[in-house]
Amino acid sequence: MTVLQNIVWVACFAMAGTGAEQTDSLRTLLSDADASSLAVVYVRQPADLCSPLEGIVRLTEAPESVGEAIQATAKLFDGPFALVVTGSPLRPDLLAVTITAKVSADPDTFYKIADRELVAALNRTEGLPGAGSIGFERSGTSAVLRWPGAIPVHLHFAMRDGYVRVSTDRTQVDSWEPPAGSRTEETTSAFIDSTDFKRLVPAGARTPDLLAYVNCRTLMPLAQMALRDTPEVDAILGLDQLEGVGLAATWSETRTAAELTMCLAGEPRGLLTLLKASSRPVEIGKVFPADTVFMAGGKLASGAELAERVNGVLDLLDPEIVQEYEQERTDFVRDFGFDIHTDLLGNFVDEWAFAIRSDGGGLPEFMLAVRLGDPGLFEGHVRALAAAFDLQFDTSTYRQATVFAPSSARVRLAYSVVDDYLIVGRDADGVARMIDASTDHQGLDSSSVYREATKRFSSDSAGFAHLDLSRLMRLALEHDDIEPDPSMGIDEAMIEGLRRLASQDAALDFALQSATGRVSLSMDLSGGNEVRKLAGEAAWTSIGASLGRAREMSKRAVSMANLQGIVRASLLYAKNHQDQWPGSLAELVRYGSISLETLGNVYDGTSPRTIADADRESYYLYRGNPDGKLGATDVVAGEREIRRGEGANFAFADGHARYVQEPEASRLLAVLRANAR
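Residues numbered from 1 in each chain as written. Predicted model: local features only at pLDDT ≥ 70, side-chain atom pairs only at ≥ 80, totals over all residues. Heavy atoms only, no water.

What follows concerns the overall build of the protein chain. Within the protein chain one finds 20 helices and 24 strands. The buried share of the protein chain, reckoned over its 677 residues, is 45%. In the protein chain, 63% of the contacts between residues at least 6 apart in sequence involve partners at least 24 apart. Counting only carbon and sulfur atoms, one obtains 54% of the accessible surface of the protein chain, whose full area is about 32,400 Å². (Helix = DSSP H or I, 4+ residues; strand = E, 2+ residues; numbered from the N terminus. Buried < 20%, exposed > 50% of the residue type's maximum accessible area, 1.4 Å probe, protein only. Contact = heavy atoms within 4.5 Å. Areas by Shrake-Rupley, 256 points an atom, 1.4 Å probe, with all protein chains shown as cover.)

Next comes the structure, spelled out in structure tokens:
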């Protein structure tokens, strides 16, 4: 699963959309939401989010009742859904949550599902505050859910004209106007008329399937309190100009797109100034081979200009850092005859990128490229540095390009200059592949998926990234041993889905953009609903496999510690009993050297209940060293089974314990079974 795990973060797109026709439900449901609301969430079809939510439940090993509650909630809110949080975080007791949704169920059906499925599932959830005492009372088209606890919560329900409103604030329900009728008067206080909303959903843009927004103005007092001892951080981060943060996402039969936007008061400042882009078009993809799996890069006026922006931020943090940099520039000119800032960094212009390619075997191949303003000037600088530091290079010529590989440095890499680009690879062969890509016009930009991605992003992007999901999946299927594994959530249907994903032209692309009033991160998943669903399933499988493996390793470490405790306690016992080891694990427990919990099965949480059960119910087989003749490397204790067909933990006569893989693990287990007492 090593390659497959690289697409973990694709999980944010795991929403099984229906592609149904859009309506203006967003404006209808948010017609009375105020612009000062603390948070707003809109979902066109809540059922689309069930897959990722249920995935989270599986990964966290939450009780089954939590999944049932999610499914019941999806049945209740089966149409467009809006959630609004009002109040101030400075007064949590006055915060109110209000949900308005279009539903298909009539009041009787809706309230039966709420009571018999949702509330029942919550009451069965162990560890949930108030579980077992949550009540539901209905009165006509209204109802109330009472959730006891240290701070009791009452959810008030009302249904009208096919809509439902639920709120922790009863006045939001009592004063509710039928949502089927939009506002009749324009008001500047409405969220849908606010500047932030227009930044998230520009005029003419498609109504999003998902909109999430947080009003940061209401959070600024908390941020200022947290940073009161370090006021300079406010200027460095530009927090004083942050007004809101929002996510808008759309999905259809052909593509999935999302944009995360920071709403700002004016021009980006502080760290955000680093996102400023040049107007030069992106052409750097041509120097990377077409089979490149991942590329990330950015646009810049020059390396010197970027360094000046970085220094501007550092000057706010510690002016001495900038002063040291200026002094080093002066020393560099004296020692080498050119300015590292204006001459060397200033020669890196327009665009840069690094990329990764892989053939599935061995380590991935990393590549780097940056455009040079004057390749001849760069070569002169390298010669000056090589002479000063006595650097030796092996040189070769490939397709009229000179390839340099440092022969006196420990780092293995090579570089060349082709089409005004400085290209760097892991070795001369890697550089040759980049030269071939550029010379034969068979670079990454020859890929239709990559070309479409660059067309979709505007030319003012400050940063960009491209991940070829289908190629990555093909590598995973070709070189990773992916087999059905129920414990990891992998079945034949899942593997077939991964094969379908590998056969698609699916890619995930990102772009960073900044402008007056906003900074945004755009995300685009090509391939439509099927790709989104398959990528989501692959991501959840990858996450599940990773977390499952992590849990297994953690429990394995605890089990190994238990075995070390057993054998070391046995050695101490022998020291006090004329070199005689204890005759059983129960004897060690009676002696007070170990506890019954030490003998438990850490993988399922069971352990012997009494000393009499210690040897029979222990998860560990114990051989001991009855005649004192075993060698230091002879096995004396171990787990009772081979875990996952891979191996098991064993302890040895000298006191150490270690994990042993198959087939040696089975041999040691057979020894223990034949000699265990």
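A cluster of nonpolar side chains, W352, F354 and L368, forms an exposed patch at the surface whose accessible area comes to about 250 Å². By relative accessible area, which is 41% here, L368 ends up partly exposed. (Patch = residues over 30% accessible without salt bridge, like charges linked within 9 Å, V, L, I, M, F, W, Y side chains within 5 Å. Salt bridge = Lys/Arg side-chain N within 4 Å of Asp/Glu carboxyl O.)

Here we take up the sheet that holds strand β22 (residues 635–639). Strand order in the open sheet made by the 4 strands is β21-β22-β23-β24, with antiparallel pairing throughout. Where the open sheet ends on each side, the last strands, each with one partner, are β21 (620–622) and β24 (657–661). Pairwise comparison of adjacent strand axes, ignoring direction, gives a mean angle of 30° for this sheet. The pairing of strand β23 (residues 647–652) with β24 spans 5 bridges and is classified as antiparallel. (Pairing = 2+ DSSP bridges. Axes fitted to C-alpha atoms, helices over the stretch in contact; angles between N-to-C directions.)

Applying the stated rule across the entire model yields 37 salt bridges. Put simply, R146 and E137 hold a salt bridge, and the shortest N to O gap is 3.3 Å. A relative accessible area of 43% places E137 in the partly exposed class. Linking R309 and E305 is a salt bridge whose minimum nitrogen-to-oxygen distance equals 2.8 Å. Taken together, the residues span about one helical turn, with R309 and E305 both in helix α9 (residues 303–317) at a distance of 4 residues. Here R309 falls in the buried class, since its relative accessible area comes to 13%.

The subject of this paragraph is unusual backbone geometry. The omega torsion across E662 and P663 is 5°, close enough to zero to call that bond cis. Within the secondary structure, P663 is located in the loop between β24 and α20 (664–675). Notably, D350 is not glycine yet its phi reads approximately 70°, a positive angle. Residue position: D350 is located in strand β12 (residues 348–357). Unusually for a residue other than glycine, H441 sits at a positive phi of about 55°.

Two elements in contact, helix α3 (residues 64–76) and helix α4 (residues 107–123), have axes whose closest approach is 8 Å; the angle formed by their N-to-C orientations is 165°. In terms of orientation, α3 and α4 fall into the roughly antiparallel class. In this structure, the crossing between α3 and α4 has a hand that is left-handed. Counting all contacts with α3, which are made through S65, E68, A69, A72, T73, K75 and L76, the residues of α4 involved are F110, I113, A114, E117, L118, A121 and L122. Its residues assigned to classes, the contact of α3 with α4 comprises 9 nonpolar, 2 polar and 3 charged. (Parallel < 35°, antiparallel > 145°, perpendicular 65-115°, else oblique. Left-handed = near helix turned anticlockwise from the far one by under 90°. Nonpolar A, V, L, I, M, F, W, Y, C, P; charged D, E, K, R; others polar.)

In this structure, F77, F110, F136, F157 and V164 are the most contacted members of the largest nonpolar core, which totals 50 residues. Here the element with the most residues in this core is α4; it accounts for 8 residues. Excluding residues within four positions of it along the chain, V164 makes contact with F77, I99, T100, A101, V103, F110, F157, A158, M159 and W176. By size, the runner-up hydrophobic cluster in this structure holds 24 residues, among which are A586, Y619, Y622 and A637. (Core = buried A, V, L, I, M, F, W, Y, C linked by side-chain atoms within 4.5 Å.)

This next bit is on the state of the cysteines. Enumeration over the complete set of coordinates arrives at 0 disulfides. Unpaired in this structure, C216 has its nearest cysteine sulfur neighbour in C263, at a distance of 8.1 Å. Its relative accessible area of 7% is what places C216 among the buried residues. (Disulfide = S-S within 2.5 Å.)

Before going further, it helps to examine the confidence of the model for the protein chain. When pLDDT is low, close inspection of the predicted coordinates is not appropriate. Of the residues in the protein chain, 82% have a pLDDT of 70 or more, and the chain-wide mean is 82. Element-level mean pLDDT values for the protein chain span from 62 in helix α2 (residues 50–60) up to 95 in strand β17 (residues 421–425). The model gives residues 1–23 a pLDDT under 50, and that stretch makes 76 contacts with residues more than four places away or in other chains. (pLDDT = per-residue confidence, 0-100.)

Note: strand β9 (residues 242–251) against strand β10 (residues 255–264), 9 bridges, orientation antiparallel. Each bridged residue has a counterpart across the sheet, and for G244 the counterpart in β10 is C263. From the end of β9 to the start of β10, which pair antiparallel, there are 3 residues. Looking at chain direction, β10 and strand β20 (residues 518–526) are connected through 9 bridges and run antiparallel. Pairing of A258 across the sheet is with M523, part of β20.

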